[in-house]
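Tertiary structure, described
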Amino acid sequence: MPPEEQSLVYADVNRDVVRSLLVTGPRYYVALYTALGVTVLCFFFPWFYQLFYGIGAAGMNHPNVWGTYLSSFIFWIGLSHSGTLLSCVLHLTNSPWRKAMYRSAEAMTLFSLMVAGVMVFVHVGRPWFLHWALPYPNQMEMWPNFRSPLLFDVMAIATYLTGSIMFIYMGSIPDFAAVRDRTTGWRRHFYVLMSMGWRGTDREWHRLGLAYTFLAVLIIPLAVSVHSIVSWDFAMSIVPALHQTIFAPYFVVGAIYSGTAGIVTVMFLLRKYMDFGQYITTVHFDNLGKLLLALSLMWTYINLIEIFTAWYSGSSAELEALTYKLFGYYGALYWEMILFCALAPLLLISTRFRTSFVPMLILSIAINIGMYTERFLIVATSLSRQYLPDAWGFYVPSAVEVSILLGSLAMFTTLFLLFVKLIPSISIYEVKETLATPSNKTGSDAWQPSH
Amino acid sequence: MSPVPIEGVEEVLGKKFSVIKRFTFVGAVCGGMLGFALAAGTAVLYLHPTGGRPIITIPPFLIIAYELTILFGILATVLGFFLSARLPMIKERVYVPATAVDKFAVTVACDSQPHFQQAAKILSTAGAGEVSQLEEEA
């Protein structure tokens, strides 16, 4: 156990987490208002302009009918797999080091899903028809076409969003109870409601443990299916570079990869700005680094397979699409993606690198830039080179699109900043499980009988 | 009551039977059937031109069924948890705030003063830090 953790006692955990909720400095407000301002200016205003002017305000046109909106959507859905991996998979494998991190990872999942959902509204261009994607009885006697991967997407993402909300809420109930006892005013009312009268009896703990494990078991295949379904938005087309069976594993591995990199970024920021140095330590970064390395190797392998199958097929359309992707108009972006996602993560082989905070932060941001490039390339290069040469084209994102991308990042940041002040960002009871049980002595927190 | 779940409680207090798994199972099965019924039923109600392909296609509809299986499984598990843990707590029940921090409490239900004295003696000899009497609404 690292030296910092050995001196922690149960009461310290409560104190630190309550402090993280209640004590707010000016830096927080500057960050929050900046994020909120950027969201409004860079996301909502350009979106409203696009609603007024039309989808032509985005750079999309024939043949590139999809652009950065869709790649941003996939990027955010991918980032949402972080919570699932860290929280559910590592819960089932009983990993002790996940305990300080998983609450924030689950929150990242939730907020990425929300941002992805809003990206759909932007992407469709005419969001006032979006409710037609839901199966409701209507005067037109119309029902959605459930054979389409877009409808699989609707079902999958709705399920994933619901599941993530339930999961993070249920895991937080004991923590809401713990902070309820130490807060006053509107916060106390909020935590009283959210904790549902949790008392910490063994019956409650037992039921929570069971329900939590069941949810983890249900959510893991759900997460795999969600990103496979997103990949089938592409793979079920006939466009040469998209119509590949590798897409489902490719997207799932890429999602977990970019999600884990996102967690590293968030953990660095939490550690630095929320003063959680005792809870988020080199052990966590070391283990996350090992995960990232494994995922990077898998991702590299899948990319090689993609190139190999396209070349091996001998199909002229596939070969043209492949050559265009590697050496065409977007060739520089392809090699940047390889550098950031396949080559740079090899630095993680070194333990010294994995346990250094700032290098891990820089690498995790680089990985996510590379992963966004990957999603962008999937959309842009494939649609630019379809079967008919006279339908070839290229695509440059417009200012509106770039602004909305930045705005979506700001929206995620805003939501996350609100989260760290409302919901305990470190799981109190799970961290306590890693500490030594307190011995029988009366301290300043000694309970006094009520009469 | 404790700040963390305690291993080994089940051996002492007896293995607990939990109804949650039944909720999950029933919820998931209902979800599966509902999902397939939704996809297949709506396909039959509103016929898309499919170019000779089947109206009720199994693979895509199985995907919808699968998603709704998971969704209803999750919702049923959450419902089962709240029902079997008897949350939310409507009536006021005995609560010791320090158990959310670092104290472990054992509650014994007694209905008369002699019972309480007896229980207090047993708890003190077992090494309790504090023993006190609390009242709960019936």
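Residues numbered from 1 in each chain as written. Chains lettered and ligands numbered in written order. Predicted model: local features only at pLDDT ≥ 70, side-chain atom pairs only at ≥ 80, totals over all residues.

**Some points on the overall build of chain B**
Assigned secondary structure in chain B consists of 4 helices and 0 strands. When the helices and strands of chain B are listed from N to C terminus, the series reads α-α-α-α. In terms of overall size, chain B is more extended than a compact globule, its C-alpha atoms giving a radius of gyration of 26 Å where 138 residues would be expected to give roughly 14 Å. Seen through its C-alpha atoms, chain B measures out along the principal axes to roughly 80 × 30 × 25 Å. (Helix = DSSP H or I, 4+ residues; strand = E, 2+ residues; numbered from the N terminus. Rg over C-alpha atoms; globule rule 2.2 N^0.38 Å.)

**Notes on the environment of Y257 of chain A**
Residues and elements named next belong to chain A. Relative to the helices and strands, Y257 resides in helix α10 (residues 247-273). Since 28 C-beta atoms lie within 10 Å of it, Y257 is described here as buried. Each C-alpha atom of the pair Y257 and H91 lies 18 Å from the other, and the pair is 166 residues apart in sequence. Sequence-distant contacts of Y257, that is, excluding residues within four places in its chain, are made with L295, S296, W299 and M371. (Buried ≥ 20, exposed ≤ 12 C-beta atoms within 10 Å, placed from the backbone. Contact = placed C-beta atoms within 7 Å.)

**Remarks on the interface of chain B and chain A**
Listed per partner, the contact involves 55 residues of chain B and 54 residues of chain A. Sort the elements by how many residues they give to the side of chain B that touches chain A and helix α3 (residues 58-84) of chain B lands first, with 16 residues. A breakdown of the residues in the side of chain B that touches chain A according to their chemical character gives 35 nonpolar, 14 polar and 6 charged. (Nonpolar A, V, L, I, M, F, W, Y, C, P; charged D, E, K, R; others polar.)

**A look at helix α5 (residues 81-92) of chain A**
Residues and elements named next belong to chain A. When the terminal C-alpha atoms of α5 are compared, their 16 Å separation across 12 residues agrees well with the 16 Å that a helix rising 1.5 Å per residue should span. Burial of α5 is extensive: 10 of the 12 residues sit out of reach of the surface. Buried residues in α5 make contact with α4 (68-79), α6 (102-123), α7 (149-180), α9 (202-235) and α10. With its phi angle positive at about 55°, N94 sits one or two positions after the end of α5. (Expected span 1.5 Å × (residues − 1).)

**Section: the nonpolar core**
In terms of nonpolar packing, the biggest core is built from 149 residues, with V226 and I263 of chain A together with I64 of chain B touching the most fellow members. Leaving out residues up to four positions away in the same chain, V226 of chain A has contacts with I77, A156, I157 and Y160 of chain A. (Core = buried A, V, L, I, M, F, W, Y, C linked by C-beta atoms within 7 Å.)

**As for the packing of α6 of chain A against helix α16 (residues 399-422) of chain A**
All names here are of chain A. Between α6 and α16, whose axes approach to 10 Å, the crossing angle comes to 145°. Crossing handedness for the pair α6 and α16: right-handed. Here A107, F111, S112, M114, V115, V118, M119 and V122 of α6 lie close against α16, whose contacting residues are I404, S408, M411, F412, L415, F416 and F419. Taken together, the residues of the contact of α6 with α16 break down into 13 nonpolar, 2 polar and no charged. (Axes fitted to C-alpha atoms, helices over the stretch in contact; angles between N-to-C directions. Left-handed = near helix turned anticlockwise from the far one by under 90°.)

**Remarks on the domain arrangement of chain B**
As assigned here, chain B comprises domain 1 (9-84) and domain 2 (94-138). Once you take the C-alpha centre of each, domain 1 of chain B and domain 2 of chain B turn out to be 44 Å apart. (Domains from an automatic or database assignment.)

**Points about the confidence of the model for chain A**
On average, chain A scores 91 in pLDDT, and the residues at 70 or more come to 96%. Counting interchain partners and residues more than four positions distant, the pLDDT-below-50 stretch residues 442-451 of chain A has 12 contacts. (pLDDT = per-residue confidence, 0-100.)

**Some details on the environment of L333 of chain A**
Residue and element names in this part refer to chain A. Turning to its location among the elements, L333 is positioned in helix α13 (residues 331-343). A count of 17 C-beta atoms within 10 Å places L333 in the partly exposed class. Separated by 44 residues in sequence, L333 and L377 place their C-alpha atoms 7.8 Å apart.

**Structural notes on the confidence of the model for chain B**
All names here are of chain B. Averaged over every residue, the pLDDT of chain B is 86; the share at 70 or more is 96%. Considering each helix and strand of chain B separately, the mean pLDDT is smallest for helix α1 (residues 9-13), with a value of 69, and largest for α3, with 94. The complex prediction reports pTM at 0.91, with the ipTM value standing at 0.90.

**Description of unusual backbone geometry**
The omega torsion of the bond from H62 of chain A to P63 of chain A falls at -5°, within 30 degrees of zero and hence cis. Relative to the elements of secondary structure, P63 of chain A occurs in the loop between α3 (26-53) and α4. Between L87 of chain B and the following residue, P88 of chain B, the backbone shows a cis peptide bond with an omega angle of -10°. A positive phi angle, near 55°, is found at N94 of chain A, a position not held by glycine. With respect to the secondary-structure elements, N94 of chain A resides in the loop between α5 and α6. Even without a glycine there, the phi angle at D275 of chain A is positive, about 60°. Within the secondary structure layout, D275 of chain A lies in the loop between α10 and α11 (282-313). Taking the number of C-beta atoms within 10 Å as the measure of exposure, D275 of chain A has 13 and is therefore partly exposed.

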